[in-house]
Amino acid sequence: MKALKSSLAAVLCLLLLLAAAPGAYADMIFPAPEPVQAGSELNHHVATLNADVPISVMEESFPAGVSLYTEFAPEGQNIYLRGVPLYAGNYNCIFSAGDASLSCPLTVEPAYPFILGTSGDVDCALNDPVQLEVSAYTLDGGVLSYQWYLGQFGSGAMIGDGSPLLSVGTTVPGTSYYYCVVTNTNNGFTASTASPVITVNVGNSSQISWVSLYSQPYKTTYSVGETLDTTGLQLSVGYTDGSSEVISSGFYVDSVQLSGPGVFPVSVYFEGYSCSFNVTVGEQAEVVSGIGVLTLPTKTRYTVGETLDTTGLSIRAYNNSVVGYRDVGREFLTCSPSVLNTTGEQEILVVFGDKTCTFTVSVEGYEQPETLMVATMPNRVTYTVGDSLDATGLVLKQISTRQNTQLIYSGYTCTPIQLNTVGRQQITVYYGNLSTTFTVTVTAASAVVTPSPTAQLPAGSGSVTPSMPTSVPTALPSSAPTASPTVMPTLTPTMPPRASARSGHQSNLGRSLISVIVITSVIALAVLGAYVFVMNQGGLEGAEQRLRELFSKSGNKKDRRR
């Protein structure tokens, strides 16, 4: 039918072209193209016209995605419909060749859906959940819809809710067939594809042939008076078709009175079949009347936020035994709270069965430094005014809020550093947010003695200028180094006038006395100068070096005089 429609359309197109266009404009007109699917590529040769014929296109008559193309060749110009049509529909593509109007019918169909996959055939037992699924896509971007059918292809009944998923009932044994028709709707036009048929086999109900014990209950040992607990009991069930399964429910157990000691069988029933297991009943069950803390945990002091540690905890449980009690370790106890978030004395609840008791722990805040003190004084505690503080040897002791101590050897600061005040001076030491003090002694600087260069004699005496000694006096204080002053003092003693010749003896005696005085003065001044020199020259080594230089200069002067 489609081929007939296409042939008629082609003939109609050819007649229109021949009727509307002069022979000079058309060398050859080709039939209309076959219907094309949306989303598929179109490349149809419409006509071959003379090369000098102008071509114009009525764009609105072409489907979206399709255009008219012209290619020049030796025989003229070839006209093509090319592109990928996007929307389904019937179109009449109109274009002009010179003064003639030409058209080419074009049918665009929706793209057929592609079935990517479906659920495979299913074998299941009665009442097993089964869900079928189909997945599909289309090239043209149309809207897909799904319709499931129950039955063989072409004869099934519609089921489902339009979803690609279908839940299948398995309450009746037997074989059922399902398939899905996927429809693509594009611009009001539709195209459909059917999935392969899916077979679902629901197994026949088999008869139970045997029941046996698969696993006993977790608890099989009891005290007199306790109640049977079947937690953990499982049965193996076999069927006439050879299959088997393990079940944990659906059976029932004989009511057993555990009223006396001994070994008792317990029967289990399922669907008319039974099996059994044994339980052992011992002496009368323990009845605890109360508990109390026997030993406290090893740790009872905490910092806020720590987790409770029950190591060492035990209780005494008072019961109906002959002894009257039994001791229980921490592994059988439950304690709360487990995290200690409140400072102060905190009560801990201990639970054993339905009995409780308590003990108390101490919860402190976070440990903080609280006190700072001097553990060891610095090596140096005496200074001269103007000296800088030397904290070498200073050790501090820091005490925390928990009375824990820590020795601090570095990282602290002291003030003042420059010691400018005479007397006992307090030094403040800082470490973190804490501080402490210690005291040092500051003394005044030593006085510097400057020798007088002039020796005075009694008034009225004559003035003489004695010659310099040929050598430096060797008699020096025992505490001062053997060195000479930087500058030798110039002595200008006032001497008495020379006497007349008639009193020569007295004159000689006076001169001798004056010489003794001068020499003694020189020695005293030399000693004082040496002391000052040593102090100014930085000690014995510096003074010794300077004295050698002076001896050398003195020797050179004598050589020049000679």
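You'll find the structure just up there.
Computed from a prediction, not measured in an experiment: that's the story for all the values here.

### What about the overall build of the protein?
Moving on, step 1. Looking only at helices and strands, one finds 3 helices and 38 strands in the protein.
Moving on, step 2. Residue burial in the protein is summarised as follows: out of 562 residues, 31% are buried.

### Side note on the sheet that holds strand S32 (residues 369-376)
Moving on, step 1. In space, the 3 strands of this open sheet follow the order S32-S34-S35, with antiparallel pairing throughout. Looking at which strands have only one partner, the edges of the open sheet turn out to be S32 and strand S35 (405-408). On average, each strand axis in the sheet is inclined to that of its neighbour by 25°, with strand direction left out of account.
Moving on, step 2. As paired elements, S32 and strand S34 (residues 395-400) share 6 bridges and run antiparallel to each other.

### Some thoughts on the environment of Gly 162
Moving on, step 1. Looking at the element boundaries, Gly 162 is found in the loop between strand S13 (157-159) and strand S14 (165-168).
Moving on, step 2. Judged by its relative accessible area of 38%, Gly 162 falls in the partly exposed class.
Moving on, step 3. Here the alpha-carbon distance between Gly 162 and Leu 144, two residues 18 residues apart in the chain, equals 10.0 Å.

### Concerning the pairing of strand S6 (residues 76-83)
Moving on, step 1. For S6, the tally of buried residues reaches 6 of 8 residues, placing the bulk of the element in the interior.
Moving on, step 2. Inspection of the sheet shows strand S3 (residues 42-49) paired to S6 by 7 bridges, in the antiparallel sense. The residue bridging Leu 49 from the neighbouring strand is Gln 77, located in S6.
Moving on, step 3. Looking at chain direction, strand S5 (residues 66-73) and S6 are connected through 8 bridges and run antiparallel. Note that in S6 the partner of Leu 68 across the bridge is Leu 81.
Moving on, step 4. Linking two consecutive strands that pair antiparallel, namely S5 and S6, is a turn of 2 residues.

### Considerations on the pattern of salt bridges
Moving on, step 1. This model, assessed by the stated rule, comprises 6 salt bridges.
Moving on, step 2. Residue Glu 71 pairs with Arg 82 through a salt bridge whose shortest N-O separation is 2.9 Å. Placement of the pair is Glu 71 in strand S5 and Arg 82 in strand S6, with a sequence separation of 11 residues.

### Some remarks on the packing of aromatic side chains
Moving on, step 1. By the definition in use, this model includes 4 aromatic pairs.
Moving on, step 2. Between Phe 153 and Tyr 179 the ring centres are 5.1 Å apart and the planes differ by 55°, which places this aromatic pair in the tilted class. Residue Phe 153 is found in the loop between strand S12 (143-150) and S13, and its partner Tyr 179 is found in strand S15 (residues 174-186); the two are separated by 26 residues along the sequence.
Moving on, step 3. Ring centres of Tyr 252 and Tyr 269 lie 5.0 Å apart, and the angle between their planes is 25°; this geometry places the pair in the stacked category. Within this pair, whereas Tyr 252 is found in strand S22 (residues 252-253), its partner Tyr 269 is found in strand S23 (residues 262-270), the two being separated by 17 residues in sequence.
Moving on, step 4. Among the residues examined, Tyr 252 registers a relative accessible area of 53% and is labelled exposed.
Moving on, step 5. Grouping aromatic residues by their ring pairs yields a cluster made of Tyr 149, Phe 153 and Tyr 179.
Moving on, step 6. When the ring centre of Tyr 80 is taken as reference, the NZ or CZ atom of Arg 82 above it lies at 4.3 Å.
Moving on, step 7. The cationic tip of Arg 316 hangs over the ring face of Tyr 325; the distance from NZ or CZ to the ring centre is 4.0 Å.

### So, the sheet that holds strand S21 (residues 244-247)
Moving on, step 1. Pairing is antiparallel in the open sheet, where 3 strands are placed in the order S18-S20-S21. The sheet is open, and its two borders are formed by strand S18 (208-215) and S21, each paired with just one other strand. The average undirected angle you get between the axes of adjacent strands in this sheet is 25°.
Moving on, step 2. Here 6 bridges tie S18 to strand S20 (residues 234-239), and the two strands are oriented antiparallel to one another. Bridge assignment links Leu 213 to a residue of S20, and that residue is Leu 235.

### Concerning the environment of Ser 176
Moving on, step 1. Here Ser 176 shows up in strand S15.
Moving on, step 2. You can call Ser 176 partly exposed: its relative accessible area is 26%.
Moving on, step 3. In this structure the C-alpha to C-alpha distance between Ser 176 and Leu 150, which are 26 residues apart in sequence, comes to 7.4 Å.
Moving on, step 4. In this structure Ser 176 touches Leu 150, Ile 198, Thr 199 and Val 200, once residues within four positions along its chain are discounted.

### Focus on the side chain of Ser 314
Moving on, step 1. Within the fold, Ser 314 resides in strand S27 (residues 314-318).
Moving on, step 2. On the basis of relative accessible area, Ser 314 is assigned to the buried category, the value being 13%.
Moving on, step 3. A polar contact is formed between the side chain of Ser 314 and the side chain of Thr 295, at a distance of 2.6 Å.
Moving on, step 4. Here Ser 314 is in contact with Val 293, Leu 294, Thr 295 and Val 328, once residues within four sequence places are set aside.

### Structural notes on the pairing of S12
Moving on, step 1. In terms of strand pairing, S12 meets S15 through 8 bridges, oriented antiparallel. The residue bridging Tyr 146 from the neighbouring strand is Val 182, located in S15.
Moving on, step 2. Pairing geometry for S12 and S13, over 3 bridges, is antiparallel. The residue bridging Leu 150 from the neighbouring strand is Ala 157, located in S13.
Moving on, step 3. Between S12 and S13, which pair antiparallel one after the other, the connecting turn spans 6 residues, and Gly 151 there sits at a positive phi close to 135°.

### Observations regarding the environment of Gly 250
Moving on, step 1. For Gly 250, the location among the structural elements is in the loop between S21 and S22.
Moving on, step 2. The sequence separation of Gly 250 and Phe 270 amounts to 20 residues, and the corresponding C-alpha distance is 7.0 Å.

### Topic: a nonpolar patch on the surface
Moving on, step 1. A surface patch of nonpolar side chains, about 400 Å² in accessible area, is lined by Phe 114, Leu 116, Tyr 137 and Leu 139.
Moving on, step 2. Within the secondary structure, Leu 139 sits in the loop between strand S11 (130-137) and S12.

### Focus: unusual backbone geometry
Moving on, step 1. The peptide bond linking Ser 336 to Pro 337 adopts the cis configuration, its omega dihedral lying at 0°.
Moving on, step 2. Considering the arrangement of structural elements, one finds Pro 337 in the loop between strand S29 (334-336) and strand S30 (344-352).
Moving on, step 3. Between Thr 415 and Pro 416 the backbone carries a cis peptide bond, its omega angle lying at 0°.
Moving on, step 4. Mapped onto the elements of the fold, Pro 416 is located in the loop between strand S36 (413-415) and strand S37 (423-431).
Moving on, step 5. Here Asn 127, not a glycine, exhibits a phi torsion of approximately 70°, which is positive.
Moving on, step 6. Mapping Asn 127 onto the fold places it in the loop between strand S10 (122-124) and S11.
Moving on, step 7. The phi angle at Glu 271 is positive, at roughly 50°, despite the residue not being glycine.
Moving on, step 8. Position of Glu 271 among the secondary structure elements: in the loop between S23 and strand S24 (273-284).

Conventions and cut-offs
Residues numbered from 1 in each chain as written. Predicted model: local features only at pLDDT ≥ 70, side-chain atom pairs only at ≥ 80, totals over all residues. Heavy atoms only, no water. Helix = DSSP H or I, 4+ residues; strand = E, 2+ residues; numbered from the N terminus. Buried < 20%, exposed > 50% of the residue type's maximum accessible area, 1.4 Å probe, protein only. Pairing = 2+ DSSP bridges. Axes fitted to C-alpha atoms, helices over the stretch in contact; angles between N-to-C directions. Salt bridge = Lys/Arg side-chain N within 4 Å of Asp/Glu carboxyl O. Phe/Tyr/Trp six-rings, centres within 6.5 Å; stacked < 30°, edge-to-face > 60°. Lys NZ or Arg CZ within 6 Å of the ring centre and 35° of its normal. Contact = heavy atoms within 4.5 Å. Polar contact = N/O pair within 3.5 Å; in protein donor to acceptor, adjacent residues only side chain to side chain. Patch = residues over 30% accessible without salt bridge, like charges linked within 9 Å, V, L, I, M, F, W, Y side chains within 5 Å. Areas by Shrake-Rupley, 256 points an atom, 1.4 Å probe, with all protein chains shown as cover.

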